[in-house]
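So the chains spell out like this:
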Amino acid sequence: MYVAVKGGERAIDNAHAWLGEERRGDHDVSELSVAQIREQLSLAVNRVMAEGSLYDPDLAALAIKQARGDMIEAIFLIRAYRTTLPRFAGSEPIATEKMACDRRISATFKDVPGGQILGPTFDYTHRLLDFKLAAEGGLSDAPEGDAQQGDVPHVLSFLDGEGLIQQEKQGANTPPDLTREPMELPANRPLRLQSLARGDEGFLLSLAYSTQRGYARNHAFVGELRIGDVPVEVEIPELGFAIEIGDITVTECETVNQFTGSKTESAQFTRGYGLVFGMSERKSISMALVDRALRWEELGEDNLGAAAQDEEFVLSHCDNIQATGFLEHIKLPHYVDFQSELELVRKLRRDTMAGADSTPAQEAAE
Amino acid sequence: MTMDMRNELPPAQAARKAWLSLMAKAPDSAMLALWNAQNCTPSFTWLRRPETGTVMVRGRAGGTGAPFNLGEMTVTRCTVQLDNGTVGHGYVQGRSHDKARAAALADAMMQGDAAEALQSAFLTPLSQQLAATKAKRARKAAATKVDFFTMVRGED
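Conventions used here
Residues numbered from 1 in each chain as written. Chains lettered and ligands numbered in written order. Predicted model: local features only at pLDDT ≥ 70, side-chain atom pairs only at ≥ 80, totals over all residues. Contact = placed C-beta atoms within 7 Å. Helix = DSSP H or I, 4+ residues; strand = E, 2+ residues; numbered from the N terminus. Nonpolar A, V, L, I, M, F, W, Y, C, P; charged D, E, K, R; others polar. Pairing = 2+ DSSP bridges. Core = buried A, V, L, I, M, F, W, Y, C linked by C-beta atoms within 7 Å. Buried ≥ 20, exposed ≤ 12 C-beta atoms within 10 Å, placed from the backbone. Domains from an automatic or database assignment. Axes fitted to C-alpha atoms, helices over the stretch in contact; angles between N-to-C directions.

A. Representation of the interface of chain A and chain B within the structure. At the junction of the two partners, chain A supplies 68 residues and chain B supplies 50 residues. Elements with a minimum of two residues in the side of chain A that touches chain B: β1 (54-55), β2 (87-93), β3 (100-105), α8 (189-197), β4 (221-236), β5 (241-260) and β6 (268-277) of chain A. With 10 residues, the single largest contributor to the side of chain A that touches chain B is β5(A). Broken down by class, the residue content of the side of chain A that touches chain B amounts to 32 nonpolar, 15 polar and 21 charged. Pairing analysis gives two bridges linking β1(A) to strand β2 (residues 67-82) of chain B, with the strands arranged parallel. In the strand pairing of β2(B), Tyr55(A) is matched with Met73(B).

Written out as structure tokens, the structure is:
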């Protein structure tokens with residue numbers, strides 16, 4: 001329990017004023033603009049959009065600036081802002097097979113139709129600090145090739161065509177929404193995917209890694225990883241038809257996993273799915289691995305007691321705003337709580353001392 | 001299914017959908033620069049003043065399965081009525097009230113006599129700008145496509 005205490009106003013005001021000054025840092029160094037953050041720290045912006053669960057690069061950049069680069073604080077700001085906005089509609093499901101791919105790779109097929117497109121990746125860099133960037137970046141023009149025409153097909157659709165991979169079940173047009181109704185467990189897959197899509201990247205990364213190390217291992221191959229722009233289509237009631245309301249960048253990961261099968265059903269690969277706002281490769285692969293681990297029951301696998309299989313554990317702990325809210329509240333005044341504990345310990349000690357001299361020890365106070 | 005619905009739209013609606021979609025997706029700066037250059041200042045009344053809200057973006061499990069909520073995006077909308085009674089809707093990505101207003105006015109004007117002029121002076125150049133940006137990105141992506149070759153092992 002914590003109680004309202006008065007008297008800190010001046011200290012709080014001054015603390016916030018100092019926060020503002022510290023945020024600005026040395027005045028001899030020019031101030032960062034929101035546009036600079038949006039353009040040059042775009043992967044940070046992407047993470048804030050994904051976990052803040054609101055696609056708006058300018059807002060995410062502003063939140064990063066305000067939070068002094070503390071990502072969870074920035075995500076918190078975005079979540080709080082989002083609650084002030086009315087929701088106009090839900091979109092048609094985005095058609096990721098029509099994505100304009102910046103990047104598209106498959107770890108399962110070398111010669112996949114549409115090709116392996118590396119995109120602007122950190123892969124194959126040597127992870128050596130580039131001191132040229134400390135001086136000045138300079139403009140480098142990326143080489144251009146002959147653009148591909150037409151859509152790039154999903155890699156898994158080839159396996160699907162042969163019946164080699166389990167087909168995805170269809171579901172309700174209006175999926176459950178954990179931002180509207182409290183999450184109920186057991187959750188269905190759409191609810192799990194929503195929760196994972198806005199879940200903490202670090203938490204999901206660790207859980208996904210735990211499955212690779214053997215806690216509910218499911219042998220994931222990255223069937224396909226694609227990053228690019230897709231239009232978002234929304235039905236407009238005033239018009240009576242749908243329009244494209246915007247373009248968003250998303251990262252999609254489809255994994256091909258250990259197969260199932262029985263005497264009656266032929267063997268088939270299974271799948272995990274990750275979809276995240278922005279360019280968020282690590283998060284989308286993590287999401288796909290955790291999604292797959294959570295499907296153990298549906299796929300007739302054993303519960304091995306692994307954390308990644310435990311829906312309650314994963315979904316209740318993957319939201320970093322919930323987690324940090326509860327964690328950080330313990331630094332707020334708990335003076336009364338602590339006073340009572342203090343009294344109790346003192347009393348117990350007195351009793352023990354007294355008991356050492358005389359006879360029966362008293363019951364501990366409740 | 002969406003594809004079928006799209007194909008079934010009558011030509012007038014399909015055209016309207018195309019210009020509304022174009023304006024919704026255009027970057028604020030590009031759209032407003034071009035719009036302001038048109039000096040279109042028709043007199044109008046607000047049926048709905050610009051307001052910013054969200055659209056919940058949905059994906060599908062496995063890309064093909066059950067829909068799920070991915071997260072929201074910011075959207076701004078407004079509705080205008082020209083003095084001749086024509087109603088225009090602006091629905092745009094982001095939080096720019098100016099852009100929503102421009103989109104609504106353009107939507108209204110595209111339903112009248114000014115359509116042809118506005119198409120050639122405003123929508124077509126805007127569409128070309130967007131297509132050029134998109135095409136440049138696609139060419140850069142194409143340059144990062146892997147051309148595999150197999151190393152020949154030592155002959156004997």
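B. How the structure looks around the nonpolar core. By size, the foremost hydrophobic cluster in this structure holds 96 residues, and its most contacted members are Val290(A) and Met23(B). Per-element accounting of this core gives the leading share, eight residues, to helix α4 (residues 97-109) of chain B. Every residue in contact with Val290(A), bar those within four places of it in the chain, is listed here: Leu196(A), Leu204(A), Leu207(A), Ala208(A), Ala308(A) and Val314(A). In terms of nonpolar packing, the next biggest core, distinct from the first, is built from six residues, Val155(A), Leu156(A), Val256(A) and Phe269(A) among them.

C. Structural context of unusual backbone geometry. Residue and element names in this part refer to chain A. In this model, Leu185 is joined to Pro186 through a cis peptide bond whose omega is 0 degrees. As for its placement among the helices and strands, Pro186 is situated in the loop between α7 (156-161) and α8. A positive phi is found at His219, a non-glycine position, where the angle reads about 45 degrees. Position of His219 among the secondary structure elements: in the loop between α9 (201-212) and β4. Its 14 C-beta neighbours within 10 Å are what place His219 among the partly exposed residues.

D. Local environment of the pairing of β2(A). Most of β2(A) is tucked away, with five of its seven residues classed as buried. Alignment of β2(A) against strand β1 (residues 44-60) of chain B, held across four bridges, turns out to be parallel. The partner of Arg87(A) across the bridge, within β1(B), is Thr54(B).

E. Spatial organisation of the domain arrangement of chain A. If you check the domain split of chain A, you get domain 1 (9-82), domain 2 (96-119 + 151-168 + 177-325) and domain 3 (334-366). Computed from C-alpha coordinates alone, the two centres of domain 2 of chain A and domain 3 of chain A are separated by 55 Å.

F. Just the sheet that holds β3(A), in detail. Taken in spatial order, the four strands line up as β3-β4-β5-β6 (chain A) in an open sheet, and their pairing is antiparallel. The open sheet has two edge strands with one neighbour each: β3 and β6 of chain A. Strand-to-strand, the axes of this sheet are offset by a mean angle of 30 degrees, without reference to chain direction. Where β5(A) and β6(A) come together, nine bridges link them in antiparallel fashion. Its bridge partner being in β6(A), Glu252(A) is matched across the sheet by Leu275(A). Relative to β5(A), helix α2 (residues 11-25) of chain B is tilted by about 80 degrees, and along the sheet it contacts β4 and β5 of chain A.

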